[in-house]
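Tertiary structure, described
Okay, here's what each chain looks like letter by letter:
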Amino acid sequence: KIFYSLLAIGIVSLSFFAFKPKKTKSHAMRRPNIVFIMSDDHAYQAISAYDKRLTQTPNIDRIAKEGMLFTNACVTNSICAPSRAVILTGKHSHLNGKIDNYFPFDTTNITFPQILQKNGYQTAMFGKLHFGNNPKGFDEFQILPDQGDYYNPDFITKKEGKKKLTGYVTDLITDITLNWLKNERDEEKPFFLAYLHKAPHREWLPAERHFKEYLKKTFPEPTTLFDNYEGRGRASKEAEMNLLTHMNWAGDSKIFPENMDKLGIKESHSYDKRNYNYTVGRMNAEQRKVWDEYYGKMNEEFIKRYPSMTERDKMKWRYQRYMQDYLGSIAAVDEGVGKVLDFLKKNNLEENTIVVYTSDQGFYLGEHGWFDKRFIFDESFKTPLLVRWPNVIKAGSKNTQMVQNLDFAQTFLEAAGITPPSDMQGESLIPIFKGQGKNFRDAAYYHYYEYPSVHMVKRHYGIVTEKYKLVHFYYDVDEWELYDRVNDKNEMKNVYNDPKYAKVKEELHKKLAALRVKYKDSETLDKMYIEKYDQLVKQGKI
Ligand code: SGN
Ligand code: CA
């Protein structure tokens, strides 16, 4: 007994002396760093860890190979700035107030980076935020104003105000990020780094090295490219996201404005040629020369083919054009991710850093004939999510739970040993990282607001379970839709009025009503947001 007591006293005092002098530092060292990588509109179909048919993303895939791939990660509101607000606040759009891209972000919201910063984290944000106001809680930031530009973009910087940089946006954001990691990191503190790409957002302008390569490629078509929206309601039929009819000829497909005139092609929207002239107009003479040469060749071939093309040919052609530029823009993102991962490895930061790769939402790559996002349907509802955290997450693991962008705030705070504010509405993903958390979330709540607006996707809210999806479209319609996610994977048939689903329908209605109560959403709020939106329209802000 005496021997054991002496041994215990010895161990206690030894560890006391061993740890005491370094207490603060070693504690700080133990808290993980967080590298949060998010691109804009990156569809999971365009990450080879999910789907190898379209493209290869070896560097992004590394995160899943060495960590966890989430196959059912989803968002609460499939649009840019609102998704970012949900991520930062851990609250649904109706509570954080950033319901769409137009409403201002209310800076009295408490965001998790503010909490991390207060608790000793060094914080930095580089790239696209899209709030219209600067982020709070960051020691350093360099962000794009609003949507930002692909070539020679402006940045809003914390230290020097606004400045214009020469180069390609993805490479610039990567360089700024690496420079901060190399030269500005405080080694005494854990860090939170947000590395946020603009790519592959519309109008999909790749870097020179990539358009040279991607203009030569062809891609497999999705089976629903020629969808005619039969079997669904007005929302799918009236949305303006079709590749053939709503995509811009100059702005998106890069048909030179003068060639449109020559061929008698009308603008898809009044801003079709304007968008092209603006984005390509930002290039300097050197950049423009290579662009004109390569896209010029593509234009020449198109001019030859156009007179004999059927509507079907045009759709097929536009799909290929879209994929060349969209996937070409992702190539630089993948290279950038590789550089950041290499930096972490070379600098012994790999072990104690959580690396997250995600997008602000999913995206349509021709499925249902569409581009863009917004809908609760799978391609836009689901979003890529790959997480690496050595020693906690088993390498090469896969998770099928419906985790949401709503969950990041609590996850990161918990990882940093901080109790999250009780009004955050997500769930920590840490049990899932550890291979636990089997009954994580049996139903996800979704609410989209931005209507009437670009792409004309109607307002809707709904519930998604493993097997079903129940949706209510409202404002200028009052339509319910129900999808069987197991037997109708492409969501082609609304079975809301099919008697076989009567019982399921009733249960889902109850569950949806309960979720609305749980998350504090309501018809009163729906109406309030419609009124506020109408006011913005009247003021000419929408
Ligand atoms: C722009 C795009 C739309 C896109 C919205 C929102 N048109 O208006 O296609 O849906 O942004 O995108 S563009 O011709 O100007 O590119 S989001 O990612 O910011 O939500
Ligand atoms: Ca987006």
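See the structure above.
Reference entry: report on the structure contained in this document. Just so it is clear, the model here is predicted, and its values are computed rather than measured. (Residues numbered from 1 in each chain as written. Chains lettered and ligands numbered in written order. Predicted model: local features only at pLDDT ≥ 70, side-chain atom pairs only at ≥ 80, totals over all residues. Heavy atoms only, no water.)

Attention shifts here to the packing of helix 7 (residues 169-183) against helix 13 (residues 311-346). When two helices pack together, their arrangement is given by the angle between their axes and by how far apart the axes lie. For the pair helix 7 and helix 13, interaxial distance at closest approach is 9 Å and the crossing angle is 10 degrees. Here helix 7 is positioned roughly parallel relative to helix 13, judged by the angle of their axes. Side by side, helix 7 and helix 13 meet where Thr 170, Asp 171, Thr 174, Thr 177, Leu 178, Leu 181 and Lys 182 of the first sit next to Ala 332, Val 333, Gly 336, Lys 339, Val 340 and Phe 343 of the second. (Axes fitted to C-alpha atoms, helices over the stretch in contact; angles between N-to-C directions. Helix = DSSP H or I, 4+ residues; strand = E, 2+ residues; numbered from the N terminus. Parallel < 35°, antiparallel > 145°, perpendicular 65-115°, else oblique. Contact = heavy atoms within 4.5 Å.)

The biggest cluster of nonpolar side chains holds 57 residues, and the ones touching the most others in it are Val 337 and Tyr 357. Broken down by element, the residue count for this core peaks at eight residues, all from helix 13. When sequence neighbours within four positions are dropped, the list of residues in contact with Tyr 357 reads Ile 37, Ser 39, His 42, Ile 47, Ile 60, Ile 63, Val 333, Val 337, Pro 384, Leu 385 and Leu 386. (Core = buried A, V, L, I, M, F, W, Y, C linked by side-chain atoms within 4.5 Å. Buried < 20%, exposed > 50% of the residue type's maximum accessible area, 1.4 Å probe, protein only.)

Glancing now at the coordination of the calcium ion (ligand 2). Listed as protein donors to the calcium ion (ligand 2) are Asp 40 (OD), Asp 41 (OD), Asp 360 (OD), Asp 360 (OD) and Gln 361 (OE1); their distances from the metal cover 2.1 to 2.9 Å. Counting along the primary sequence, the residues that act as donors to the calcium ion (ligand 2) give the motif D-D-x318-D-Q. Residue Asp 41 is found in the loop between strand 1 (33-39) and helix 3 (58-65), and its partner Gln 361 is found in the loop between strand 8 (353-359) and helix 14 (378-381); the two are separated by 320 residues along the sequence. As far as the burial class goes, Asp 41 and Gln 361 line up, both buried. (Donors = N, O, S within 2.8 Å, 3.2 Å for Na, K, Ca; no water.)

Of the voids in this model, the largest pocket is the one considered here, and its volume is about 1100 Å³. Counted by class, the lining of the largest pocket contains 10 nonpolar, 10 polar and 14 charged residues. Quantified by volume, the second largest pocket comes out at close to 800 Å³. In this structure, the second largest pocket is lined by 29 residues; those nearest its centre are Asp 146, Gln 147, His 201, Glu 203 and Asn 275. Tallied by class, the residues present in the lining of the second largest pocket amount to 10 nonpolar, eight polar and 11 charged. (1 Å grid on protein atoms, 1.4 Å probe; cavity = no way out; pocket = protein on both sides within 12 Å on 5 of 7 lines; lining within 4 Å. Points joined across faces, edges and corners; volume = space filled by probe spheres on them. Nonpolar A, V, L, I, M, F, W, Y, C, P; charged D, E, K, R; others polar.)

Take the environment of Tyr 195 next. Relative to the helices and strands, Tyr 195 is located in strand 7 (residues 191-196). Sequence-distant contacts of Tyr 195, that is, excluding residues within four places in its chain, are made with Phe 36, Ile 37, Met 38, Phe 126, Ile 173, Thr 174, Thr 177, Gly 336, Val 337 and Val 340.

Taken in spatial order, the 10 strands make up an open sheet running 6-5-4-3-7-1-8-9-2-10, and their pairing is mixed. Lying at the two open borders of the sheet, with one neighbouring strand each, are strand 6 (161-164) and strand 10 (397-399). Here the average twist between neighbouring strands, direction ignored, is 15 degrees. Pairing between strand 8 and strand 9 (residues 385-388): four bridges, direction antiparallel. Residue Tyr 357 lies in a different strand from strand 9, and its bridge partner there is Leu 386. In the packing of helix 7 onto the sheet, the strands contacted are strand 3 (122-128), strand 4 (140-144), strand 5 (154-157) and strand 7, and the crossing angle to strand 7 comes to about 170 degrees. Along the sheet face, helix 15 (residues 408-415) touches strand 1, strand 7, strand 8 and strand 9 and points at about 175 degrees away from the line of strand 8. (Pairing = 2+ DSSP bridges.)

Another point: the site of ligand 1. Surveying the vicinity of ligand 1 reveals 17 residues, the closest of which are Gln 147, Arg 202, Asp 372, Arg 374 and His 455. Measuring from an oxygen atom of ligand 1, one finds a backbone N or O atom of Cys 80 at 3.2 Å. A distance of 2.7 Å separates an oxygen atom of ligand 1 from a polar side-chain atom of Arg 202. For ligand 1, whose free accessible area comes to 460 Å², the fraction covered by protein is 86%. Taking a 2 Å distance to the grid points as the criterion, the majority of the atoms of ligand 1 fall inside the second largest pocket. When the residues that make up the shell around ligand 1 are grouped by side-chain class, the tally is three nonpolar, six polar and eight charged. (Near = heavy atom within 4 Å. Polar contact = N/O pair within 3.5 Å; in protein donor to acceptor, adjacent residues only side chain to side chain. Areas by Shrake-Rupley, 256 points an atom, 1.4 Å probe, with all protein chains shown as cover. Sits in = over half its atoms within 2 Å of the grid points.)

It is worth spelling out the environment of Tyr 483 at this point. Secondary-structure assignment places Tyr 483 in strand 14 (residues 479-484). Taking the relative accessible area as the measure of exposure, Tyr 483 reaches 0% and is therefore buried. Distance in space between the C-alpha atoms of Tyr 483 and Asp 40 is 27 Å, their sequence separation being 443 residues. Ignoring any residue separated from it by four or fewer positions in sequence, one finds Tyr 483 in contact with Arg 232, Phe 377, Lys 467, Tyr 468, Lys 469, Asp 488, Glu 491, Met 492, Lys 493 and Asn 494. Polar side-chain contacts of Tyr 483 include one of 2.5 Å to the side chain of Glu 481.

The subject of this paragraph is the packing of aromatic side chains. A full pass over the atoms with the stated rule returns 46 aromatic pairs. Taking the centre distance of 6.1 Å and the plane angle of 85 degrees together, the rings of Trp 204 and Phe 371 count as edge-to-face. Of this pair, Trp 204 sits in the loop between strand 7 and helix 8 (208-214) while Phe 371 sits in the loop between strand 8 and helix 14, and the two are 167 residues apart along the sequence. Judged by relative accessible area, which is 0%, Trp 204 ranks as buried. Arranged with centres 6.4 Å apart and planes meeting at 75 degrees, the rings of Tyr 322 and Phe 371 form a pair that is edge-to-face. One end of the pair, Tyr 322, is in helix 13; the other, Phe 371, is in the loop between strand 8 and helix 14, and 49 residues separate them in sequence. Since its relative accessible area comes to 0%, Phe 371 is described here as buried. (Phe/Tyr/Trp six-rings, centres within 6.5 Å; stacked < 30°, edge-to-face > 60°.)

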